[in-house]
Amino acid sequence: MSRQFQFKLVLLGESAVGKSSLVLRFVKDQFDDYRESTIGAAFLTQTVQLDDATTIRFEIWDTAGQERYKSLAPMYYRNANCAVVVYDITQSASLEKARSWIRELQRQADPSIIIALCGNKTDLSSRRQVTQEEAQKYAEEENLMWCEASAKTGEGVQDVFMAIAKKLPLS
Ligand code: GTP
Ligand code: MG
């Protein structure tokens, strides 16, 4: 017998950190060097195989990071089962923005929401501004999952979604 579970996942984070690129890598295994900034939000789905008998279907809301869309975010994180809050490891300010999204989720989202903090663009390690230690320490303090990835090379991208899939309550 095989079972399929559906979960709503929202991506949040400053503009240009690579939210859409992570989703494009996860869903289509593609990458664009010149991606246009998201308008409003985009919806995509992808299924992962958790084990022989279990699949997880993610309904993904890829939100727009530009400030003018900020007021739309609650529509997307409300009822979300999980959130991936993305920062760019080459931009310290993007981690500050991620922290503010996490505070907002902790106050306003469903208390059972699973939150992953994800540092993107590890292929640009020579320009790194956010150390792994700093981000990991913060994630531990706040009880968040933490990971790094590169949408460009694909490194770590499947792992983010797989790690979340493993944490979701199946019943
Ligand atoms: P908004 O839609 O405005 O919120 O931005 P976003 O977070 O969706 O960023 P997007 O995916 O559009 O990526 C922004 C830019 O960063 C694009 O030029 C991407 O090609 C680039 N980019 C995304 N991920 C990576 C990565 O892992 N490595 C490198 N080198 N560039 C990346
Ligand atoms: Mg986008």
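Residues numbered from 1 in each chain as written. Chains lettered and ligands numbered in written order. Predicted model: local features only at pLDDT ≥ 70, side-chain atom pairs only at ≥ 80, totals over all residues. Heavy atoms only, no water.

- Taking an unreviewed UniProt entry as the reference, the protein chain is identified by name as GTP-binding protein RAB5 belonging to Serendipita vermifera MAFF 305830.
- Under the UniProt heading Subcellular location (unreviewed entry), the note attached to the protein chain is "Cell membrane". (UniProt positions renumbered as here; feature names shortened; annotations may be inferred.)

1. Considerations on the overall build of the protein chain
Then step 1. If you tally the helices and strands in the protein chain, you get five helices and six strands.
Then step 2. Written out in order from the N terminus, the α and β elements of the protein chain read β-α-β-β-α-β-α-β-α-β-α.
Then step 3. At 15 Å, the protein chain has a C-alpha radius of gyration in line with the 16 Å of a compact globule built from 171 residues.
Then step 4. Across its three principal axes, the protein chain shows a C-alpha extent of roughly 50 × 35 × 35 Å.
Then step 5. Counting the 171 residues in the protein chain, one finds 47% classified as buried.
Then step 6. Sequence-distant contacts, at least 24 apart, represent 73% of the contacts inside the protein chain between residues at least 6 apart.
Then step 7. With the model as given, the accessible surface of the protein chain reaches about 9000 Å², and the carbon-plus-sulfur share is 44%. (Helix = DSSP H or I, 4+ residues; strand = E, 2+ residues; numbered from the N terminus. Rg over C-alpha atoms; globule rule 2.2 N^0.38 Å. Buried < 20%, exposed > 50% of the residue type's maximum accessible area, 1.4 Å probe, protein only. Contact = heavy atoms within 4.5 Å. Areas by Shrake-Rupley, 256 points an atom, 1.4 Å probe, with all protein chains shown as cover.)

2. What about the environment of Ile115?
Then step 1. Of note, Ile115 is situated in strand 5 (residues 114-120).
Then step 2. C-alpha of Ile115 to C-alpha of Ser20: the two residues are 95 residues apart in sequence and 18 Å apart in space.
Then step 3. When neighbours within four sequence positions are excluded, Ile115 is seen to be in contact with Ala83, Val85, Ile102, Leu105, Leu144 and Met145.

3. Details of the pairing of strand 1 (residues 3-12)
Then step 1. Taking burial as the measure, the 10 residues of strand 1 include seven buried ones, the bulk of the element.
Then step 2. As judged from the nine bridges shared by strand 1 and strand 3 (residues 54-63), these two strands associate in the parallel manner. Paired with Gln6 across the bridge in strand 3 is Arg57.
Then step 3. Of the pairings in the sheet, the one linking strand 1 to strand 4 (residues 82-88) comprises four bridges and is parallel in character. (Pairing = 2+ DSSP bridges.)

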